[in-house]
Protein chains: 2
Amino acid sequence: MWTVARGRKGRRPGSPDTQDEILQAASREFAAKGYDGATIRGVAAAAGVDPALVLHYFGTKEQLFIATLHVPVNPAAMVRGVLDDAQPGEIGERLISTMLGVWDATAHRSPLVAVLRSVAGEGPVADTVRQFIEHSIIAAFAQRLPGPEPQLRAVLIGSQVIGLLVGRYVVRLEPLASTDPARLAAIYGPTIDRYAYGSLPPDGA
Amino acid sequence: MWTVARGRKGRRPGSPDTQDEILQAASREFAAKGYDGATIRGVAAAAGVDPALVLHYFGTKEQLFIATLHVPVNPAAMVRGVLDDAQPGEIGERLISTMLGVWDATAHRSPLVAVLRSVAGEGPVADTVRQFIEHSIIAAFAQRLPGPEPQLRAVLIGSQVIGLLVGRYVVRLEPLASTDPARLAAIYGPTIDRYAYGSLPPDGA
């Protein structure tokens, strides 16, 4: 029977059903414990599989979380890639053009928009997304910026990126929503570079 | 009897109950028809009062809408005030410091945070807030910026302001949430001024 074949006993360890069950268990774990609190081991236990199988399918906790969001790209990995490849002092234009390239090319934008909504939203999923942004994406910037106050610089960049994405894809403010991505990269690039590498006015300014 | 006194027949036209009924009618009208579609006349009819009384209490549709949000300040009026008073070319620092001054001084920030959440949210209230932002706040900028493409400049400014407010007051990203407002005004000011008055790269850049 089909329902029996989907049950624990009839399941093959490598079947798509197993991946799906791991993802469902992961969604529950992230919602219950947050991004920081959830573990590969806990997800594996909840799905009734070996932790090695979770790692085999999803690689890392970060990638497992991205998979639960159903978004086509890992934004933290994208940030690390751009910052590791770009010339120091000139990450802004490349960051924005890479980011808009992915978003504009995504035919089904609703999972991405759902993640953006949850940045400002309420509830356990929203809290988990914010922890991921803070401890994975913002951290990826902060670890790679050479100047003083890397954490402040990282959140300044985050504030412009969040505003751009919300404005273009959620609120769809015109002409922000329809402007050519290369032009937006040229406009926003210097802002990002100033936050990343420029001199910041001292405290008590 | 108190309950009779609150009814339509027992009500004095100038009582606080009347204001409250107008506000409730306005909330329903804005949710049903959006910011653009709602009218003072329609609100008055729904509340069973003369339109002149609505104007007497609330002044304009914009102010009536602000009253339904229960926020302590009209952001569109604040923007007009800053842009009309400041030196052209130097609005950024003053805009950010005025804005953070109001938000930081607001003891009960939950209505403001609720409005911010709805910028990225779903449903009729969110749609109405977005119409207000686009046709009242963004328009206030666009009408006052002297250079070419004022509408694009206005939404660029909007994207940085939204990201700053969401990051500081909703997500509470650190150290964005705890940094001195004067310092943030000095950091974000040049960004706003570049968007408002700087040269923008041409289309097809």
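Residues numbered from 1 in each chain as written. Chains lettered and ligands numbered in written order. Predicted model: local features only at pLDDT ≥ 70, side-chain atom pairs only at ≥ 80, totals over all residues. Heavy atoms only, no water.

## Points about the environment of B:Y197
Residue and element names in this part refer to chain B. Within the secondary structure, Y197 is located in helix α11 (residues 181–197). A residue is classified by how much of its surface remains accessible, and Y197, at 26% relative accessible area, is partly exposed. Separated by 71 residues in sequence, Y197 and A126 have C-alpha atoms that sit 30 Å apart. If near-sequence neighbours (up to four positions away) are discounted, Y197 is found in contact with P88, G89, E90, I91, L145, P146 and R153. (Helix = DSSP H or I, 4+ residues; strand = E, 2+ residues; numbered from the N terminus. Buried < 20%, exposed > 50% of the residue type's maximum accessible area, 1.4 Å probe, protein only. Contact = heavy atoms within 4.5 Å.)

## Things to note about the interface of chain B and chain A
At the interface, 42 residues of chain B touch 42 residues of chain A. Taken together, the two surfaces of chain B and chain A that pack against each other cover about 3800 Å², and 61% of this comes from carbon and sulfur. Counting across the interface, chain B meets chain A through four salt bridges. Of all elements in the fold, only α8 (110–119), α9 (124–144), α10 (150–170) and α11 of chain B reach the threshold of two or more residues within the side of chain B that touches chain A. Of the residues forming the side of chain B that touches chain A, the biggest block, 11 residues, is contributed by α10(B). Partitioning the side of chain B that touches chain A into residue classes produces 24 nonpolar, eight polar and 10 charged. (Buried area = accessible area lost by both parts, 1.4 Å probe. Salt bridge = Lys/Arg side-chain N within 4 Å of Asp/Glu carboxyl O. Nonpolar A, V, L, I, M, F, W, Y, C, P; charged D, E, K, R; others polar.)

## Observations regarding the nonpolar core
Of all hydrophobic cores here, the largest spans 140 residues; its most connected members are A:L64, A:F141, B:L64 and B:F141. Not counting residues within four places of it along the chain, the set of residues in contact with A:L64 comprises A:I22, A:L23, A:A26, A:F30, A:I40, A:V43, A:V54 and A:F58. (Core = buried A, V, L, I, M, F, W, Y, C linked by side-chain atoms within 4.5 Å.)

## Quick notes on the relation of the copies chain B and chain A
Between chain B and chain A, the superposition needs a rotation of 180° and an axial shift of 0.0 Å, giving an RMSD of 0.0 Å. A rotation of that kind, with that shift, is consistent with a two-fold axis. Relative to the rotation axis, the C-alpha of B:G163 is the closest in chain B, positioned 1.9 Å from it. Taken together, the interface assignments show that 100% of the residues at the interface of chain B recur at the interface of chain A, consistent with an identical surface on both copies. (Least-squares fit on C-alpha atoms with pLDDT ≥ 70 in both.)

## What about the pattern of salt bridges?
Residue and element names in this part refer to chain A. Within this structure, the stated rule accounts for 16 salt bridges over all chains. Residues R80 and E62 are paired through a salt bridge, measuring 2.7 Å at the closest nitrogen-oxygen approach. With R80 in helix α6 (residues 75–85) and E62 in helix α5 (residues 61–69), the pair connects residues that are 18 residues apart, well separated along the chain. A salt bridge links R144 to D84, with the nearest nitrogen and oxygen atoms 2.9 Å apart.

## Remarks on the packing of helix α9 (residues 124–144) of chain A against helix α10 (residues 150–170) of chain A
Axes are the key here: two packed helices are described by the angle between their axes and the distance separating the axes. All names here are of chain A. Direction vectors running N to C along α9 and α10 enclose 130°, while the axes themselves pass 8 Å from each other. Judged on the interaxial angle alone, α10 and α9 are oblique. You can see that α9 and α10 cross each other, and the crossing is right-handed. Within the contact between the two elements, α9 uses I138, F141 and A142 and α10 uses P150, Q151, A154, V155, I157 and G158. For the contact of α9 with α10, the per-class residue count stands at seven nonpolar, two polar and no charged. (Axes fitted to C-alpha atoms, helices over the stretch in contact; angles between N-to-C directions. Parallel < 35°, antiparallel > 145°, perpendicular 65-115°, else oblique. Left-handed = near helix turned anticlockwise from the far one by under 90°.)

## Observations regarding the domain arrangement of chain A
Residue and element names in this part refer to chain A. Domains assigned within chain A are domain 1 (2–69) and domain 2 (75–197). A separation of 28 Å is found between the C-alpha centroids of domain 1 and domain 2. Counting from both sides, the interface comprises nine residues of domain 1 and, opposite them, 13 residues of domain 2. In total, domain 1 and domain 2 occlude about 930 Å² of area from one another, counting both sides; carbon and sulfur atoms represent 64% of this. Ranking the residues of domain 1 by area buried against domain 2 places Y35, E62 and L69 at the top, with a combined share of 50%. Between the two partners, domain 1 and domain 2, sit six residue pairs in polar contact (both at pLDDT 80 or more). (Domains from an automatic or database assignment. Polar contact = N/O pair within 3.5 Å; in protein donor to acceptor, adjacent residues only side chain to side chain.)

## Brief notes about the confidence of the model for chain A
Scored by pLDDT, chain A has a mean of 87; 92% of the residues are at 70 or more. Low pLDDT, under 50, characterises residues 1–11 of chain A; the predicted model gives this stretch 15 contacts beyond four residues in sequence or across chains. (pLDDT = per-residue confidence, 0-100.)

## Observations concerning the side chain of A:S136
As for its placement among the helices and strands, A:S136 is situated in helix α9. Excluding anything up to four places from it in sequence, A:S136 contacts A:Y35, A:E62, A:A76 and A:Q131.

## Quick word on unusual backbone geometry
Here A:E174 and A:P175 are connected by a cis peptide whose omega angle stands at 5°. Within the secondary structure, A:P175 is located in the loop between α10 and α11 (181–197). You will see that B:E149, though not glycine, has its phi angle at about 55°, which is positive. On the secondary structure map, B:E149 appears in the loop between α9 and α10. Positive phi, close to 55°, is recorded for B:R172, a residue that is not glycine.

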